[in-house]
Amino acid sequence: MSRTKKKEGTVRGKTTNRIINILLVLGCLTILFPLYMTVIIAFKKPSEMTNDVAGALAFPQKWSFENFAEAMRVTDFWHSLGNSLLITGVTVVLCILIHSLAGYLIGRKMKQRKIFKISYYYIVSGMFVPFAVLMMPLVKETAQLGIANRFGVIVLYVVFFMPMNVLLYSGYLNNIPMALEEAACVDGAGVWQTYWKIIFPNMKPMHATVAVLTAMSTWNDVMTPLVIMSGTDQNTLPLAQLNFQTQFGTNYNLAFASYLLALLPILIFYIICQKQIINGVVNGAVK
């Protein structure tokens, strides 16, 4: 009887593994196929574009970088890249500094005082507010304050990413024992010194996680720069992609070449920080 049950369990386990493997393969295809199409079309000439599937999937007759050069000219690539780097870099730095402080204060005090617990839930509830609800009031407010520019976009990003980052930081503090802070207090260190010399360095995996999540969201965002910086020449790279879309069609060759150019910087940043990401997310999610 027990052998029969073991065999049934083994068969079920193999069946489950096969289903999971099939789902993983399908998931990979849904990601790799669009990427393959983007690369192929980016290197093709407009004359090679066809409406049939076989023609669309075929390799270029001659691999050419002309589309990339033209895309860089149309989008004013270096200027747009500078704006994206500035906005993303400043946003990441401010988020790490401000949100880690807020997460530390709330995470350590929320079990002791009710006001911090209420603050925690109030901040985290911001994740459930859609941007469409805030869009028009923010456009009006930033215009009245005179910050309808890169500075205003950075401020909005710091506010938008606070709920998720505070959730991650406050959860990650469970992995840092209170004994470290108590030992520092005995040695005469104040709260400020304890945070910067002990807590902040020990949250390095979470800093990497927050940096990557914030950078990717900031870098790829189109809506916020579009509604806040509309009418200015301070285009970001994602915003510059709109140059290829007109009322009568889209130049896919130049658009896809531009997409690849915009993808490279954030992809390099992700590869550099990927070792810390999984550890930070898993530990930060434990409450």
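Residues numbered from 1 in each chain as written. Predicted model: local features only at pLDDT ≥ 70, side-chain atom pairs only at ≥ 80, totals over all residues. Heavy atoms only, no water.

**Focus: the overall build of the protein**
1) Next: When helices and strands are counted, the protein shows 14 helices and 2 strands.
2) Next: Out of the 287 residues belonging to the protein, those deemed buried represent 37%.
3) Next: Pairs at least 24 apart in sequence give 76% of the contacts found in the protein among residues at least 6 apart.
4) Next: Total accessible area on the protein stands at roughly 17500 Å², and carbon and sulfur atoms take up 67% of it. (Helix = DSSP H or I, 4+ residues; strand = E, 2+ residues; numbered from the N terminus. Buried < 20%, exposed > 50% of the residue type's maximum accessible area, 1.4 Å probe, protein only. Contact = heavy atoms within 4.5 Å. Areas by Shrake-Rupley, 256 points an atom, 1.4 Å probe, with all protein chains shown as cover.)

**Focus: the nonpolar core**
Across soluble globular proteins, you tend to see nonpolar side chains buried next to one another.
1) Next: Membership of the largest hydrophobic core comes to 35 residues, with the highest contact counts inside it found for Phe 68, Ile 96, Ile 199 and Met 203.
2) Next: Among the secondary structure elements, those contributing two or more residues to this core are helix H1 (2–42), helix H3 (66–74), helix H4 (77–109), helix H8 (162–172), helix H10 (191–202), helix H11 (204–220) and helix H14 (252–285).
3) Next: For this core, the element with the highest residue contribution is H14, accounting for 8 residues.
4) Next: Residues contacting Phe 68, with those up to four places away along its chain left out, are Ala 42, Phe 43, Ala 257, Leu 260 and Leu 261. (Core = buried A, V, L, I, M, F, W, Y, C linked by side-chain atoms within 4.5 Å.)

**A word on unusual backbone geometry**
1) Next: Phi angles above zero are rare outside glycine, and Asp 76 is one such case at about 50°.
2) Next: Inspection of the secondary structure puts Asp 76 in the loop between H3 and H4.

**Description of the UniProt feature "transmembrane region" (unreviewed entry) in the protein**
1) Next: The UniProt record marks residues 20–43, 85–107, 119–139, 151–169, 210–232 and 252–273 with the feature "transmembrane region" (unreviewed entry), using the residue numbering of this structure.
2) Next: For residues 252–273, helix accounts for 100% and strand for 0%, while the C-alpha atoms at its two ends are 31 Å apart. (UniProt positions renumbered as here; feature names shortened; annotations may be inferred.)

**Here we look at the side chain of Gln 234**
1) Next: You can see Gln 234 is positioned in the loop between helix H12 (223–228) and helix H13 (237–240).
2) Next: Classification of Gln 234 as buried rests on a relative accessible area of 17%.
3) Next: A distance of 3.4 Å separates a polar side-chain atom of Gln 234 from the backbone nitrogen of Arg 150.
4) Next: In this structure, Gln 234 is in contact with His 79, Asn 83, Asn 149, Arg 150 and Met 229, ignoring residues within four places of it in sequence. (Polar contact = N/O pair within 3.5 Å; in protein donor to acceptor, adjacent residues only side chain to side chain.)

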